[in-house]
Amino acid sequence: MIGLISATASGAAARDRLAAAWPDRTRVYDGPVKDAVRAAFAECEQLVCFLATGAVVRLIAPLLGEKASDPGVVCVDEGGRFAVSLVGGHAGGANELARAVGGVLGAEPVVTTATDAVGLPGLDTLGFPVEGDVAAVSRALLDGEPVALEADVTWPLPPLRVAAEGAYTIRVTDRAVEPAEREVVLRPPTLVAGVGASRGAPVEEVLGLVEGALRDAGLSVASLAELATVDAKAEEPGIVEAARRLGVPLVTYAAEELARVDVPNPSEAPLAAVGTPSVAEAAALVGGGELLVPKRKSAMATCAVGRRPGRGRLAVVGLGPGARDLLTPRAQQELRRASVLVGLDQYVDQIRDLLRPGTRILESGLGAEEERARTAVAEARRGHAVALIGSGDAGVYAMASPALAEASDDIDVVGVPGVTAALAAGAILGAPLGHDHVSISLSDLHTPWEVIERRVRAAAEADLVVTFYNPRSRGRDWQLPKALAILAGHREPTTPVGVVRNASRPDESSRLTTLAELDPATVDMMTVVTVGNTATREIAGRMVTPRGYRWQDDRQEEAK
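From a predicted model like this one, the values you see are computed outputs, not experimental measurements. (Residues numbered from 1 in each chain as written. Predicted model: local features only at pLDDT ≥ 70, side-chain atom pairs only at ≥ 80, totals over all residues. Heavy atoms only, no water.)

Here the focus is the overall build of the chain. The helix and strand tally for the chain stands at 19 helices and 28 strands. Along the first, second and third principal axes, the C-alpha atoms of the chain reach 90 × 65 × 55 Å. Accessible surface, the chain as shown: approximately 26,200 Å² in total, 50% of it carbon and sulfur. For the chain, the separation between the mean place of its 57 positive charges and that of its 73 negative charges on side chains is 1 Å. (Helix = DSSP H or I, 4+ residues; strand = E, 2+ residues; numbered from the N terminus. Areas by Shrake-Rupley, 256 points an atom, 1.4 Å probe, with all protein chains shown as cover. Lys, Arg positive; Asp, Glu negative; His and termini not counted. Charge placed at Lys NZ, Arg CZ, Asp CG, Glu CD.)

In structure tokens form, the structure reads like this:
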């Protein structure tokens with residue numbers, strides 16, 4: 001919960017705007033400010049104070065305890081111009097909260113945490129436990145000193161600006177090792193404990209068996225990702241409570257799925273009881289990986305520990321039509337998360353300033369789409385966090401389809417949508433896509449013209465609004481006239497046609513013409529052409545397609 005505190009009418013107005021935007025996440029604290037801050041500090045995970053930073057410093061100073069447990073505090077000035085991350089930037093989430101508050105209120109987020117200020121990810125913000133001298137290693141990263149990365153297990157990390165050797169070390173491991181001097185240990189969630197239990201097995205027995213298995217194998221409980229068992233034990237109290245105490249989810253699988261997992265120690269007992277020859281080992285291995293601790297037993301429980309395979313991460317990111325403010329926040333997050341960026345050189349130039357220091361950039365020129373897709377998937381298979389970029393939406397005439405055709409289920413794939421050229425052009429023209437519509441690429445480099453022509457004829461006969469991508473180039477100058485002629489066989493010469501070049505970019509241009517008057521010679525590859533259907537009209541200089549045909553019927557009645 002986020003506590004909201006204000007002292008003045010202007011502060012209360014901004015406070016109430018935030019409360020209205022986040023009704024389920026916020027609680028307003030009224031009354032004397034000192035009492036309100038004290039109560040919110042004790043009861044909430046985060047605070048937003050609509051007060052001067054100096055006042056908030058004095059109010060929270062006596063309340064501060066441990067960095068890891070104090071709530072994050074954000075201050076918003078009386079004018080609502082700035083959202084300042086004051087306390088708990090990383091551990092308390094104040095940095096992200098400041099950005100979120102700024103997004104709601106239109107305030108400028110002010111983040112002074114050293115790593116955030118220079119674009120480096122905080123070692124304590126990577127989403128899994130961290131141990132050791134975080135301050136010293138972070139300072140070394142900031143100062144540009146060589147920091148070595150030693151990884152016992154593969155895990156997709158953001159760019160950390162590391163070297164092969166150095167006086168400081170970042171170690172990625174699930175082993176129960178103590179951090180050395182000048183070392184940080186990152187604990188990725190690689191371990192799965194498969195458990196089985198007789199009815200009524202006490203939680204202490206289940207918990208002790210799991211913790212003992214990890215300890216004896218030299219594994220860290222901080223890297224435990226989940227407890228796993230068979231569906232029949234999903235509500236077994238001892239297992240459920242053990243997962244709760246360990247702070248991990250309980251994941252269950254059908255007996256049939258577990259029975260298909262090859263294990264070293266099958267048994268007749270669980271086969272008779274729940275329908276699978278293995279519960280603990282099979283549950284630990286059902287997602288693949290290696291068995292680190294074979295099945296061990298106590299009086300009423302069984303346990304096995306597996307290490308899930310390191311999985312790389314591929315984010316296929318749509319950059320939108322070109323304008324920075326049409327690049328989605330999610331896309332920006334993925335660009336900053338990636339340690340490897342793959343893309344067309346001109347698209348890389350658009351977002352180079354958004355990348356974190358240390359991001360490895362693999363760029364290439366036009367015509368290398370399949371090569372870029374293969375490169376991105378190969379980098380993800382090596383365990384990296386990869387962003388593969390494309391213009392517009394990556395799934396529309398862009399990089400998603402060749403990448404996903406290359407990828408298999410051995411990597412995690414995330415799609416990040418973007419604003420397409422058709423949508424950007426449509427917004428400039430008015431509302432041409434208000435009813436059913438279709439996008440068709442006129443490039444026959446990958447698709448035979450016979451197929452393209454058949455699709456244009458189908459769209460013409462179906463009376464769909466059509467947006468043409470890749471309409472014309474110096475080497476392909478006859479396809480657009482041919483497509484327009486097909487549409488002209490089904491639509492009036494006065495049918496509105498919108499032509500938009502470089503939508504959303506500084507040299508954007510647009511014009512509205514008709515099917516009869518459009519000169520294909522004025523169109524190039526940077527242009528999208530939108531042809532209306534029989535209901536599309538020009539109204540006040542804008543291209544509008546009604547959501548239904550009632551408007552068209554009414555106009556016909558008026559004409560009689």
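That shown, we press on.
Moving on to helix α4 (residues 94-105). An ideal rise of 1.5 Å per residue puts 16 Å on twelve residues; α4 measures up with 16 Å between its terminal C-alpha atoms. Burial in α4 covers these residues: Ala94, Asn95, Leu97, Ala98, Val101, Gly102 and Leu105. Along α4, the residues classed as buried sweep out an arc of 160° about the axis, all on the same side. Set apart from the buried face of α4 by more than 90 degrees, the exposed residues are Glu96 and Gly103. Immediately downstream of α4, the backbone of glycine 106 shows phi near 75°, a positive value. (Expected span 1.5 Å × (residues − 1). Buried < 20%, exposed > 50% of the residue type's maximum accessible area, 1.4 Å probe, protein only. Arc of directions from axis to C-beta.)

At a closest axis distance of 9 Å, the pairing of helix α17 (residues 449-461) and helix α18 (residues 479-488) adopts a crossing angle of 30°. By the criterion of interaxial angle, the relationship of α17 to α18 is roughly parallel. Like other packed secondary-structure pairs, α17 and α18 cross with a definite hand, here right-handed. Touching Trp449, Glu453, Val456, Arg457 and Ala460 of α17 are Gln479, Lys482, Ala483, Ile486 and Leu487, all from α18. For the contact of α17 with α18, the class distribution of residues is six nonpolar, one polar and three charged. (Axes fitted to C-alpha atoms, helices over the stretch in contact; angles between N-to-C directions. Parallel < 35°, antiparallel > 145°, perpendicular 65-115°, else oblique. Left-handed = near helix turned anticlockwise from the far one by under 90°. Contact = heavy atoms within 4.5 Å. Nonpolar A, V, L, I, M, F, W, Y, C, P; charged D, E, K, R; others polar.)

Moving on to the packing of helix α1 (residues 9-21) against α4. Interhelical geometry of α1 versus α4 gives an angle of 100° and a closest axis separation of 10 Å. When the axis of α1 is compared with that of α4, the two are roughly perpendicular. Residues Ala14, Arg17, Leu18 and Ala21 of α1 pack against Val101, Val104 and Leu105 of α4. Residue classes in the contact of α1 with α4 are distributed as six nonpolar, no polar and one charged.

Moving on to the environment of glutamate 241. With respect to the helices and strands, glutamate 241 occurs in helix α8 (residues 237-246). It is 9.3 Å that separates the C-alpha atoms of glutamate 241 and proline 202, two residues lying 39 residues apart in sequence.

Once that is clear, we can look at the sheet that holds strand β23 (residues 465-469). Pairing in this open sheet of five strands is mixed, and the strands run β22-β23-β26-β24-β25 from one edge to the other. At either end of the open sheet lies a strand with only one pairing partner, and these are β22 (437-441) and β25 (509-514). Direction aside, neighbouring strands of the sheet carry axes that sit 20° apart on average. As judged from the three bridges shared by β23 and strand β26 (residues 527-531), these two strands associate in the antiparallel manner. Bridge assignment links threonine 467 to a residue of β26, and that residue is threonine 530. Together, β22 and β23 form the strand contacts of α17, whose direction differs from that of β22 by roughly 160°. Across the face of the sheet, α18 comes into contact with β23 and β26 while running at roughly 175° to β23. (Pairing = 2+ DSSP bridges.)

Once that is clear, we can look at the pairing of strand β16 (residues 313-318). Residues in a regular strand project their side chains so that they alternate between the two faces of the sheet. Counting buried residues along β16, six of its six residues qualify, which places the element largely inside the surrounding structure. Covered by surrounding structure in β16 are Arg313, Ala315 and Val317 together with Leu314, Val316 and Gly318, the residues of both alternating faces. Relative to strand β19 (residues 385-390), β16 runs parallel, the two being bridged by six bridges. The residue of β19 that forms the bridge with valine 316 is leucine 388. Looking at chain direction, β16 and strand β20 (residues 412-416) are connected through five bridges and run parallel. Each bridged residue has a counterpart across the sheet, and for valine 316 the counterpart in β20 is glycine 415.

Relative to the helices and strands, valine 192 is located in strand β11 (residues 191-197). Through-space distance from the C-alpha of valine 192 to that of alanine 7 is 50 Å; in sequence the pair is 185 residues apart. Ignoring sequence-local partners within four residues, the contact set of valine 192 consists of Leu224, Glu226, Ala228, Ala283, Ala284, Ala304, Val305, Gly306 and Arg308.

Positive phi outside glycine occurs at tyrosine 397, with the angle close to 55°. Here tyrosine 397 shows up in the loop between β19 and α15 (400-406). Residue tyrosine 397 is classed as partly exposed on the basis of its relative accessible area, which comes to 44%. Phi at aspartate 463 takes a positive value of approximately 60°, unusual for a residue other than glycine. With respect to the helices, strands and loops of the structure, aspartate 463 is situated in the loop between α17 and β23. For aspartate 463, a relative accessible area of 16% gives the class buried.

Here we take up the nonpolar core. Ranked by internal contacts, the top residues of the largest apolar core, which has 24 residues, are Val210, Leu224, Leu227, Leu246, Cys303 and Val305. Residue assignment for this core shows that the elements contributing at least two residues are β11, α7 (203-216), β12 (224-230), α8 and β15 (301-307). With seven residues, the single largest contributor to this core is α7. Listed in part, the 21 residues of the second largest apolar core include Phe468, Leu484, Leu487 and Leu515. (Core = buried A, V, L, I, M, F, W, Y, C linked by side-chain atoms within 4.5 Å.)

Moving on: the sheet that holds β16. What holds strands together in a sheet is hydrogen bonding between their backbones, with the strands either parallel or antiparallel. Spatially, β18-β17-β19-β16-β20 is the arrangement adopted by the five strands of the open sheet, whose pairing is parallel. With one partner strand each, in any of the chains shown, β18 (360-364) and β20 form the two edges of the open sheet. For this sheet the average axis-to-axis angle between neighbouring strands, irrespective of direction, equals 15°. The strands touched by helix α12 (residues 329-337) within the sheet are β16, β17 (340-344), β19 and β20, with β16 carrying the most contacts at an inclination of about 140°.

The next subject is the pattern of salt bridges. Using the criterion set out here, one finds 26 salt bridges in the structure. Here glutamate 131 ties to arginine 187 by a salt bridge, and the two come within 3.2 Å at their closest N and O atoms. With glutamate 131 in strand β7 (residues 130-132) and arginine 187 in the loop between β10 (183-186) and β11, the pair connects residues that are 56 residues apart, well separated along the chain. In this structure glutamate 131 comes out as partly exposed when scored by relative accessible area, which is 26%. A salt bridge links arginine 245 to glutamate 204; the nearest nitrogen and oxygen atoms lie 3.9 Å apart. Note that arginine 245 is positioned in helix α8 and glutamate 204 in helix α7, a separation of 41 residues in sequence. (Salt bridge = Lys/Arg side-chain N within 4 Å of Asp/Glu carboxyl O.)

Honestly, it's all geometry; don't read function into it.
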